[in-house]
Amino acid sequence: MNQMFPIGFEGPLAFYLVVYVLTLVVHVFLMAYVLAGSLWLAWVTVFPKATAGSIHGEIPRTKHPAARILRDWLPFALSGAITAGVAPLLFIQILYQQQFYTANVLLGWRWMVVIPVLVMAFYLLYIMKSKIISQWSLGIRIGLSICVAGSFLFVAFCWTTNHLLSLNASQWPVAYETGDAVQSLPALSLRLATWITGTFPAMGVLMSWQLRGMKSRTDSWRDVASDVNWLTLIEDEDRRIAWVSLAAMIASLILAFCYFLTLPEEVRSNLTGTAGILWIAVLLSSSGVMITGLIRQRRSHTGSKSWLIAVTGALFVQLTAAASLREIIRLTQADLSAVVQSTKAAAEIGGLVMFLVFTVLNAGLIAFCLWLVRRKQAP
Amino acid sequence: MNNFYPVNDYGPLMPGLVMAGVAIVHVFLAQFAVGGGLLLCYFQWLAMTGRSETARIFVNGYFRILVLISFVLGALTGVGIWFTSIQVSAPTIGQMVFNFHWVWATEWTFFCLEVVAGYCFYRYHTQLSDRTNLTLLILYAFAAWMSLFWINGILSWQLTPGDWLASRSLIDGFLNPGFWPSLLFRTIVCMTLASLIGCIVVNVIPSLDRTQRQELINRAAHLMIPMLAMPVLGVWYLLTMPDDSRGWVLGGSPAMMLFFMISVGASLAIGSYALIGLWMQKLYINGATATLLLFMAFGATAGGEFVREGSRKPYTIRHVMYSNGIRPDEVADLRIRGCVTDDPYPVVHEKDLPNDTVTVGAKVFRKQCAVCHTIDGSNAVVHLTASWDEDQMRMNIAKLQQTKPFMPPFAGTAQELESLVQYILWVESGRPSSWAQGMNPETVSQISRWLDEAGTEPAEARSIR
Ligand code: HEM
């Protein structure tokens, strides 16, 4: 690898890599909202008391704007995360068929269990959204929220375990014999922790947009004392989330660096060599933009829209950089000639034009749906 | 890297059964989602054109159930099928993804539309005009049906690849001989399921009185009228099937024939009830009866899926791949090279193997037989061979495709076959800790002759009647 990823690879390989990375970024963005959102909900359910001295100290945090928005939107976000996961799931089977399948089979039922766990978590999200839950005892509500967040953590754990196992072909026969799926616990923990902390900024950005949108619609939140000043509460919440995102993002960068240290020498030199160095630069500079933006947001009382746009853009650049670096790690350890061969053969199969035509059509129809809804909703 | 995948031992259950279980649930739910979309469009239209005011109440209640069931379970069991297919036969799903990845990607764009249109309706329908709601429902139903359209092309290709075998053209593969009959057939099944579930929903909406219920039920039953076309489409589908597969279904394989009859019988019962009772006589159907009919529909779906999966044997993709992941054009080569020579995975499903021969036999079993058999659980090779003496066993396995034409030809060396026989015998004798029998050169050359007599071609239709 002597050029910036994915330049320098054969055409078909580069093409499938780009498609894979871009679709994975969408999945990660939505998955992040679900994972960080459910953790946030669990946190406020366990610690419902707002900070002492705050103007709205008497309202439990579970009734603050972020928690309300999360309960309302998590089921849909999960639908989105799952649907968005299907696309990279498809392309991973073109790029790394043998690795992905082998890791799946080696994990066996431990892998399959992801599905029932997600089904359960999905229904629990609907229960958390329903009205009956307010009549349940605190203990049950705490248990429920922890169960949901725990499920998503478990799913993330499974994906990371599967990924790491898939990278390590020489370990497969041993893994098959012993049933041990984890080769290095430190590497797994660091990688997983990087992901988990990394989900907060993505959730925070989307939440910021949602909070902005709710400013004019707080009348649906009348179940607490009517003299609540929702606007201040929303701004408070926005800043709190910016703060958490900032801290989590810095933690994520540090964890990523520690993970980097666990990688084999060859991988590290590709990451810091021509293949990866520019992506590292992109990752750090987009993170810099995000940090600046989040600090600005925390300072300003109104929440600056232009900074929010900048942070959103930087987030997607950052995720793309992270996903690209992730592929450099994998490609260094993969049998490159096999990947080149399989993508070359795949590129000769027809259907791309048809896909593009329907992508445009359906993107248009999706935009049409959203337009229909927005138009009618306007007061 | 060689093309070996590890094979898991799922105990007495065959992986195929697990696959069938997940597949049936998913197909059932997905068909409900497709039909539900159509039913909702119809009822929304009834409501907004003033033909039925009660239809409005129904639309709201029904959509909630549709979202809760199909968005959640439907979507996730879909991913589940994918995961299960990988467990059962990674080479098969790999080949399908390879050939049809752009079709799948296209289908995925329709999933996205389905989710967005569905959610827009779900969240906002109370604030939207009738026309807008109908538009959203039509988009939802269109997207859901299109996902059936795409996947149907891939699934029917597995059994009837048709001209694709020669041309390798995507269009030939997608619009294969089975495409249209199975698409139309499935669409009718979708409508039937949606209609039956509709009848149940009508019975549980508390705010309806008896006449309103009756009216809605008779309207919902309209979606079952197309069942009239089922026999014709069914025959058309059977005619597109390869002769041997059709042979299994129509009596060649008792199990398959049984499932087929279950499917046909249940469909007939539902169809006659719907047509005579609900449509012509305008009878009422209570929740219990509707649920019973729905269970029958589930039985019909299950039977149909079993037949669909089973009738492909010995292939998972006709002429392209056998159920055990071996390609027909590999067999001759594997007879020389051996099928487990490069297998890097140790045997773990058997403990305390007495010697190398038996170990190789266990590997051969895992590679070639384990998709369809267990060693001593369900469809167990040890039980199936119990009445044979050793030479019969050798010959019948060497001529596997003639022993039962829905098995692939044996794809390994004569030594490997003998190892397999030793393994079976060892298990049959209660897995003793020492096993003396070795490789007898004469036996091996006899096996070679049998293998040559059997040839490397599959049985095809020639052995059926
Ligand atoms: C809310 C549930 C989910 C969570 C929390 C989640 C989390 C994750 C995480 C953390 C990764 C990165 C793994 C790593 O690089 O170490 C990942 C990757 C991925 N996810 Fe998800 N995921 C979820 C659901 C899904 C579903 C349902 C699908 C499939 C439809 C999916 C498809 C993928 C794919 C294809 C990858 C890339 C795997 C690879 O490159 O090895 N995810 N997910």
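In this report, the structure presented in the accompanying data block is examined. (Residues numbered from 1 in each chain as written. Chains lettered and ligands numbered in written order. Predicted model: local features only at pLDDT ≥ 70, side-chain atom pairs only at ≥ 80, totals over all residues. Heavy atoms only, no water.)

Re the overall build of chain B
Next, step 1: Broken down by element type, chain B carries 18 helices and 2 strands.
Next, step 2: Counting only C-alpha atoms and orienting by the principal axes, one finds that chain B spans roughly 85 × 40 × 40 Å.
Next, step 3: Within chain B, the fraction of its 465 residues that count as buried is 58%.
Next, step 4: Long-range contacts, defined as pairs at least 24 residues apart, comprise 76% of the intrachain contacts of chain B with a sequence gap of at least 6.
Next, step 5: A total of about 17,900 Å² of accessible surface is found on chain B, and carbon and sulfur atoms cover 63% of it.
Next, step 6: Counting 30 positive and 33 negative side-chain charges, chain B places the centres of these two groups 11 Å from one another. (Helix = DSSP H or I, 4+ residues; strand = E, 2+ residues; numbered from the N terminus. Buried < 20%, exposed > 50% of the residue type's maximum accessible area, 1.4 Å probe, protein only. Contact = heavy atoms within 4.5 Å. Areas by Shrake-Rupley, 256 points an atom, 1.4 Å probe, with all protein chains shown as cover. Lys, Arg positive; Asp, Glu negative; His and termini not counted. Charge placed at Lys NZ, Arg CZ, Asp CG, Glu CD.)

Brief notes about the site of the ligand
Next, step 1: In the vicinity of the ligand there are 23 residues, among which Y20(A), H27(A), H163(A), R191(A) and R326(A) approach most closely.
Next, step 2: Each of chains A and B places residues next to the ligand.
Next, step 3: In this structure, an oxygen atom belonging to the ligand sits 2.7 Å away from a side-chain N or O atom of H163(A).
Next, step 4: Here an oxygen atom of the ligand and a side-chain polar atom of W195(A) are 3.1 Å apart.
Next, step 5: Of all elements in the fold, only α1 (11-46), α2 (65-95), α6 (138-167), α8 (185-214) and α12 (305-333) of chain A reach the threshold of two or more residues within the shell around the ligand.
Next, step 6: Looking at the shell around the ligand, its residues break down into 16 nonpolar, 4 polar and 3 charged. (Near = heavy atom within 4 Å. Polar contact = N/O pair within 3.5 Å; in protein donor to acceptor, adjacent residues only side chain to side chain. Nonpolar A, V, L, I, M, F, W, Y, C, P; charged D, E, K, R; others polar.)

A few points about the coordination of the iron atom of the ligand
Next, step 1: Looking at the iron atom of the ligand, one finds just one donor atom contributed by the protein, H27(A) (NE2), at 2.2 Å.
Next, step 2: Locating H27(A) in the fold gives a position in helix α1. (Donors = N, O, S within 2.8 Å, 3.2 Å for Na, K, Ca; no water.)

What about the interface of chain A and chain B?
Next, step 1: Each side of the interface is counted separately: chain A has 64 residues, and chain B has 64 residues.
Next, step 2: Summing both sides of the interface, chain A and chain B together bury roughly 6,100 Å²; the carbon and sulfur share of this comes to 76%.
Next, step 3: Here chain A and chain B share 1 salt bridge between them.
Next, step 4: A salt bridge links R123(B) to D72(A), with the nearest nitrogen and oxygen atoms 2.5 Å apart.
Next, step 5: There are 14 residue pairs in polar contact (both at pLDDT 80 or more) connecting chain A and chain B.
Next, step 6: Contributions of two or more residues to the side of chain A that touches chain B are made by α1, α2, α3 (97-107), α4 (109-112), α5 (114-129), α7 (172-178), α13 (336-347) and α14 (352-377) of chain A. (Buried area = accessible area lost by both parts, 1.4 Å probe. Salt bridge = Lys/Arg side-chain N within 4 Å of Asp/Glu carboxyl O.)

Overview of the packing of aromatic side chains
Next, step 1: Throughout the structure, instances matching the rule amount to 51 aromatic pairs over all chains.
Next, step 2: When the centroid spacing of 5.8 Å and the interplanar angle of 10° are considered together, the rings of F122(A) and Y126(A) count as stacked. Of this pair, F122(A) and Y126(A) both sit in helix α5, separated by 4 residues, roughly a single helical turn.
Next, step 3: Owing to a relative accessible area of 9%, Y126(A) belongs among the buried residues under this scheme.
Next, step 4: Aromatic side chains Y42(B) and W45(B) sit 6.4 Å apart centroid to centroid with 20° between the ring planes, which places their arrangement in the stacked category. Note that Y42(B) and W45(B) are positioned in helix α1 (residues 15-48) at a spacing of 3 residues, about one turn of the helix.
Next, step 5: Judged by relative accessible area, W45(B) falls into the partly exposed class, the value being 36%.
Next, step 6: One aromatic cluster is present, built from ring pairs that chain together F358(A), F110(B), F142(B), W145(B), F149(B), W150(B), F174(B), F179(B) and W180(B). (Phe/Tyr/Trp six-rings, centres within 6.5 Å; stacked < 30°, edge-to-face > 60°.)

A look at the nonpolar core
Next, step 1: Judged by nonpolar contacts, the single largest core of 227 residues is most densely connected at F152(A), M207(A), F43(B), F58(B), Y62(B), F63(B) and W82(B).
Next, step 2: In this structure, Y62(B) is in contact with F32(B), G36(B), L39(B), L40(B), A194(B), I197(B), G198(B) and V201(B), ignoring residues within four places of it in sequence.
Next, step 3: In this structure, V340(B), M407(B), F410(B) and I424(B) belong to the second largest nonpolar core, which totals 38 residues. (Core = buried A, V, L, I, M, F, W, Y, C linked by side-chain atoms within 4.5 Å.)

Without other data, these values stay purely geometric and don't point to any function.
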